[in-house]
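What follows is each chain in one-letter form.
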Amino acid sequence: MSDTIKTDVLIIGAGPCGLFAAFELGLLDMKAHFVDILDKVGGQCAELYPEKPIYDIPGIPQVSGQGLTDALMEQIKPFHPTFHLGEMVETVEKIGDPLFRCTTDTGKVFECKVVVISAGGGSFQPKRPPVPGIEAYEGSSVHYAVRKMEAFRDKNVLIVGGGDSALDWTLNLHPVAKRVTLLHRRDEFRAAPHSVEQMRALVASGKMDLKLGQVTALSGADGKLTGATIKGNDNSVTEISCDTMLPFFGLTMKLGPVANWGIALENNLVPVETSAFETNVPGIFAIGDINTYPGKIKLILCGFHEGALMAQKAHRYVYPDKRLVFQYTTSSSSLQKKLGVN
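Rules used in this analysis
- Residues numbered from 1 in each chain as written.
- Predicted model: local features only at pLDDT ≥ 70, side-chain atom pairs only at ≥ 80, totals over all residues.
- Heavy atoms only, no water.
- UniProt positions renumbered as here; feature names shortened; annotations may be inferred.
- Core = buried A, V, L, I, M, F, W, Y, C linked by side-chain atoms within 4.5 Å.
- Buried < 20%, exposed > 50% of the residue type's maximum accessible area, 1.4 Å probe, protein only.
- Helix = DSSP H or I, 4+ residues; strand = E, 2+ residues; numbered from the N terminus.
- Contact = heavy atoms within 4.5 Å.
- Pairing = 2+ DSSP bridges.
- Axes fitted to C-alpha atoms, helices over the stretch in contact; angles between N-to-C directions.
- 1 Å grid on protein atoms, 1.4 Å probe; cavity = no way out; pocket = protein on both sides within 12 Å on 5 of 7 lines; lining within 4 Å.
- Salt bridge = Lys/Arg side-chain N within 4 Å of Asp/Glu carboxyl O.

An unreviewed UniProt entry lists the protein chain under the name Ferredoxin--NADP reductase, from Bradyrhizobium neotropicale. If you open the UniProt record of the protein chain and go to Catalytic activity (unreviewed entry), you find "2 reduced [2Fe-2S]-[ferredoxin] + NADP(+) + H(+) = 2 oxidized [2Fe-2S]-[ferredoxin] + NADPH". In the Subunit (unreviewed entry) part of its UniProt record, the protein chain is described as follows: "Homodimer."

J.: Where do I start with the nonpolar core in this structure?
T.: Within soluble globular proteins, side chains that are nonpolar tend to cluster in buried spots. Among the nonpolar cores identified, the biggest contains 62 residues, and Ile 11, Cys 102, Val 115 and Ile 117 are the most heavily contacted of them. Of the residues forming this core, the biggest block, 8 residues, is contributed by helix α1 (residues 16-27). Setting aside residues no more than four positions away along its own chain, Val 115 makes contact with Leu 10, Ile 12, Val 92, Phe 100, Cys 102, Gly 283, Ile 284 and Phe 285. One finds Ile 159, Leu 173, Ala 177 and Leu 246 within the second-largest nonpolar core, a separate group that totals 20 residues.

J.: Sorry if this is basic, but what is going on with the sheet that holds strand β12 (residues 156-160) here?
T.: Note on sheets: strands pair through backbone hydrogen bonds, and any given pair is parallel or antiparallel. Across the sheet, which stays open at both edges, the 6 strands sit in the order β16-β15-β14-β13-β12-β17 with mixed pairing between neighbours. Either end of the sheet is taken by a strand with one partner, and the two such strands are β16 (237-241) and β17 (244-247). Neighbour-to-neighbour, the strand axes of this sheet turn through a mean angle of 35°, independent of strand direction. Where strand β15 (residues 224-232) meets β16, 5 bridges bridge the pair, whose relative direction is antiparallel.

J.: Looking at this structure, I do not really get the UniProt feature "binding site: FAD" (unreviewed entry) in the protein chain. What am I missing?
T.: Sequence positions flagged by UniProt for "binding site: FAD" (unreviewed entry) are, in local numbering, Cys 17, Asp 36, Gln 44, Tyr 49, Val 89, Phe 124, Asp 289 and Thr 330. Here the residues from the annotation list that line the largest pocket are Phe 124. With respect to the helices and strands, Asp 36 occurs in strand β3 (residues 32-36). For Asp 36, a relative accessible area of 7% corresponds to the buried category. Within the element layout of this structure, Val 89 appears in strand β7 (residues 89-96). If near-sequence neighbours (up to four positions away) are discounted, Val 89 is found in contact with Leu 10, Ile 12, Val 35, Cys 102, Thr 103, Thr 104, Pro 257 and Trp 261.

J.: Can you walk me through the pattern of salt bridges in this structure?
T.: Any two side chains of opposite charge can pair if their charged atoms end up close together. Inspection of every chain in the model, using the stated rule, returns 14 salt bridges. Note that Lys 322 is salt-bridged to Asp 29, the shortest N-O span being 3.9 Å. Taken together, the residues Lys 322 in the loop between α6 (300-318) and α7 (333-338) and Asp 29 in the loop between α1 and β3 connect sequence positions 293 residues apart. The class for Lys 322 is partly exposed, based on a relative accessible area of 44%. A salt bridge links Arg 186 to Glu 188; the nearest nitrogen and oxygen atoms lie 3.7 Å apart. Residue classification places Glu 188 among the exposed positions, given a relative accessible area of 54%. Salt bridges here are not isolated pairs; linked through shared partners, they connect Asp 29, Lys 322 and Lys 338.

J.: Can you help me understand the sheet that holds β3 in this one?
T.: The 5 strands lie next to each other as β6-β3-β2-β10-β20, forming an open sheet whose pairing is parallel. The sheet terminates laterally at β6 (82-85) and β20 (284-286), the two strands that pair on one side only. Sheet twist, expressed as the mean angle between neighbouring strand axes with direction ignored, is 20°. With 4 bridges connecting them, strand β2 (residues 9-12) and β3 associate as parallel partners. The residue bridging Val 9 from the neighbouring strand is Ala 32, located in β3. Contacts between α1 and the sheet are confined to β2, β3 and β6, with β2 contributing the most and set at about 165° to the helix.

Here it is in structure tokens:
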């Protein structure tokens, strides 16, 4: 197990609401770490609609999901938050008053006085392909994400999918793996055209394989994959040799481990009070789409408001003996100094 990471606040979910919460916390001298299951910041904005315009951010008539994410990242730069991406918080334990121990699926351990759940609709979970018995290989031979490229060195890798993730990892793992085979149900791809061109060039030069069809069965034993059965679009059946499979079938939203953290739930949402958006567990807050309260509206701007009020209450837990004096960024020289404003 890695050394425990100590911080004032752990923010679970790096979408827009979580990012702005780091700004409000930073103004009040609270350090934040983020954990997000995605491999990039921005949550749904960056993952599901990076180029889709958003029209209801106050003062900004139109901004893309990625544009909003980029602006928020620039805004929180003065506070140097730390991001742990591609990880999921599995357990949250109360070990003090207030003190929490949070552990991720990679074994990373955090100790913090405040936990902020800003996980949108929950965790993004990979969609499992409908292949009989695939569960027996998950985590050993079948992986839904690439954590370390070196783990795939000299492997016969079967990558399944036709989107950006499938094409990106085909190109990135090709120099590392013994052989890469890309499988897609049709000869059309949703990925960036340049990536598709690069892939086709590798196929043409005999450096990798492209097959059309679907995986219908896996072969192997004790979690070790040895091959896959492919049903082609012409109904032909072939066997290919592989010891690793990477299916990229997209993501779905699930509540995930939040249900096991000892906080109250209501229709798969987290009920909060509305003075600080705190859960039934003191020191654990929920902001953004994952919370519920009378009159709740699922808008990014509402999540920003929730983050601001949350930070005021969080300050009491992090600095119980320090009086909080409310200040405006427009007139406070101390806040402007924190922001690096000349």
